[in-house]
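Spelled out from the first residue to the last, the chains are:
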Amino acid sequence: MKNAVVYPGPEGSHSDAAATAMFPDAERVPASSFRGVAEAVVSAVAAQGVLPIESSLAGAVPETHDLLNECPLSIVAEAVLPVTHALVAPRQVPPADIRLVRSHPAALDQCRGFLHTLPHAQIVATATTADAARETAESGDPHAAAIASAAAASRYGLAVVAEDVGDAPAFTRFVAIAPYTWLGAPREHARTAFTFVADHRPGALHATIEPFALAGLDLLRLVSRPLAATPWSYRFDAVVAGHPLDPAVRRAFAELRRVTRSYRIVGIYEGADELP
């Protein structure tokens, strides 16, 4: 398994589809949770892992961002996949008869409009969308359903009660993670992910962003995450188009180092097309 790619399972999850697309020739192994993926890679049980990091509807996936901050991991690749959610149940029933809906929090967030049409349904969060499908199948409850993929429904013998229940066409960005290394090989379309903590003073965040604007660099993403040990303080996870050895990027990072309390490169990888 040391050369395997691990993803948050079970089989049939959207992360399973992403791992298959990114590593079609590798052994792919499911893990019980996002943290299980990170721990398998850190401990060298698996060579790489795949995690969702951003949804076109719900935004950043907080757990992935926090694991990349907590663990000695690097982003080494990314892929953008279309994600279609379905309401699936042990048998065909009218959606109005559903009294419990399971799914991953990110999927639930992407289907808020549809869930508002089920005001009497209890919402239950699960580790993955495929877990939601499996648990619904195992329960046998005719009034329970899951928001999951059609592939998961087929795998666990569930009926598709309603197709494409997302709020809008959705895409998810997945990242491949590996043991931490600060420097990736130069690539034509390189992206550099990094994290930093700004000083707590007026204009501090502007001072961190300005060097990239002045250099004409595209700051592709900027996500804030709370610092657990310091209430009302935040770190920022960002991605810039370019490689740290590019002169303009190197100068911007030198200035970033000067105006922040801390900063670290999280990964260097080739950017994926925004829409497949």
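Preceding block: the structure.
Residues numbered from 1 in each chain as written. Predicted model: local features only at pLDDT ≥ 70, side-chain atom pairs only at ≥ 80, totals over all residues. Heavy atoms only, no water.

(A) Representation of the pattern of salt bridges in the model. Throughout the structure, instances matching the rule amount to 16 salt bridges. Arg235 is the partner of Asp66 in a salt bridge, and the nearest nitrogen-oxygen pair spans 3.2 Å. Note that Asp66 is positioned in helix α3 (residues 62–70) and Arg235 in strand β14 (residues 234–241), a separation of 169 residues in sequence. Between Asp131 and Arg134 there is a salt bridge, and its shortest N-O distance comes to 2.8 Å. On the criterion of helical spacing, the pair formed by Asp131 and Arg134 is a turn pair, its members being 3 residues apart in helix α6 (residues 129–139). Take Arg134: its relative accessible area is 24%, and that puts it in the partly exposed class. (Salt bridge = Lys/Arg side-chain N within 4 Å of Asp/Glu carboxyl O. Helix = DSSP H or I, 4+ residues; strand = E, 2+ residues; numbered from the N terminus. Buried < 20%, exposed > 50% of the residue type's maximum accessible area, 1.4 Å probe, protein only.)

(B) Focus on the environment of Ile177. Residue placement: Ile177 occurs in strand β11 (residues 170–179). For the pair Ile177 and Val223, spaced 46 residues apart in sequence, the C-alpha separation works out to 18 Å. What Ile177 contacts, discounting residues up to four positions off in sequence, is Val37, Ala38, Val41, Ala47, Gln48, Gly49, Leu51, Leu68, Leu73, Ser74 and Val76. (Contact = heavy atoms within 4.5 Å.)

(C) Here's a closer look at the packing of aromatic side chains. Under the counting rule described, the total for this entry stands at 6 aromatic pairs. Ring geometry for Phe194 against Phe212: centres 5.5 Å apart, planes inclined by 20°, an arrangement best described as stacked. Taken together, the residues span a long stretch of sequence, with Phe194 in strand β12 (residues 190–198) and Phe212 in helix α8 (residues 204–214) at a distance of 18 residues. Both residues of the pair, Phe194 and Phe212, belong to the buried class. The cationic tip of Arg155 hangs over the ring face of Tyr156; the distance from NZ or CZ to the ring centre is 5.9 Å. (Phe/Tyr/Trp six-rings, centres within 6.5 Å; stacked < 30°, edge-to-face > 60°. Lys NZ or Arg CZ within 6 Å of the ring centre and 35° of its normal.)

(D) How the structure looks around the environment of Ala89. Note on placement: Ala89 falls in strand β6 (residues 86–89). Judged by its relative accessible area of 0%, Ala89 falls in the buried class. When near neighbours in sequence (up to four residues on either side) are disregarded, Ala89 contacts Thr136, Ala144, Ala145, Leu158, Ala159 and Val161.

(E) Expanded view of the side chain of His85. Along the chain, His85 falls in the loop between β5 (73–83) and β6. A distance of 2.7 Å separates a polar atom in the side chain of His85 from a polar atom in the side chain of Gln110. Apart from residues lying up to four places away in sequence, His85 is in contact with His14, Ala107, Gln110, Cys111, Ile147, Ala148, Glu163, Asp164, Val165 and Gly166. (Polar contact = N/O pair within 3.5 Å; in protein donor to acceptor, adjacent residues only side chain to side chain.)

(F) Geometry of helix α9 (residues 247–259). Between the first and last C-alpha of α9 there are 19 Å, a value that for 13 residues agrees with the 18 Å anticipated at 1.5 Å per step. Within the sequence span of α9, burial applies to Val249, Ala252, Phe253, Leu256 and Val259. Each buried residue of α9 lies within a common arc of 125° when the element is viewed along its axis, so the set occupies one face. Away from its buried face by more than 90 degrees, α9 exposes Arg251, Arg257 and Arg258. Elements that come into contact with the buried residues of α9 comprise β12, α8, β14 and β15 (260–270). (Expected span 1.5 Å × (residues − 1). Arc of directions from axis to C-beta.)

(G) Expanded view of the pairing of β14. Burial analysis of β14 places 6 of its 8 residues in the buried class, which makes it a mostly covered element. Where β12 meets β14, 6 bridges bridge the pair, whose relative direction is antiparallel. By the bridge assignment for β14, Phe194 is matched with Ala238. (Pairing = 2+ DSSP bridges.)

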